[in-house]
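For reference, the chains in residue letters:
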Amino acid sequence: VLFRAAAFDLVPPEQSTAALPRAVVEIDNVDPAIYRAVSHAARAGTPIEITYRPYLAEEALLGPDIDPPVRLTVQGVTATVFRIRATCGWPDLLN
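Residues numbered from 1 in each chain as written. Predicted model: local features only at pLDDT ≥ 70, side-chain atom pairs only at ≥ 80, totals over all residues. Heavy atoms only, no water.

A.B. asks: Mind laying out the pairing of strand E5 (residues 83–89), listing which residues take part and the relevant values?
C.D. replies: Relative to E5, strand E2 (residues 22–28) runs antiparallel, the two being bridged by seven bridges. Looking at E5, one finds that Ala-23 is bridged to Cys-88. In this structure, strand E4 (residues 70–79) lies alongside E5, joined through six bridges in antiparallel fashion. Of the residues in E5, the one forming a bridge with Val-74 is Cys-88. In this structure, the hairpin formed by E4 and E5 is closed by a connection of three residues. (Pairing = 2+ DSSP bridges. Helix = DSSP H or I, 4+ residues; strand = E, 2+ residues; numbered from the N terminus.)

Laid out in structure tokens, this is it:
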């Protein structure tokens, strides 16, 4: 997979015992190549994985704040040529 830099918004997973944690990733002003890749991946039926690896600003050169990083699976995607929104989380193993 070719890496493409893009600005994005991230709402990290909440720390809660009441519900499964979910993260939301949004990309505005979507590059056509990114739109095509996400649309293709969503139709393929293969799980899409997102790695959440935060860095503390004052310790960025020391590596990520969480090691190993959190890996979430995309559970839903909406995509237009203007915005891509992905909801991510862990599978509900109880239901």
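A.B. asks: Could you give me a rundown of the environment of Asp-67, with the residues and numbers involved?
C.D. replies: Inspection of the secondary structure puts Asp-67 in the loop between strand E3 (49–52) and E4. Looking at Asp-67, the relative accessible area reads 66%, which means it is exposed. Here the alpha-carbon distance between Asp-67 and Arg-53, two residues 14 residues apart in the chain, equals 7.9 Å. (Buried < 20%, exposed > 50% of the residue type's maximum accessible area, 1.4 Å probe, protein only.)

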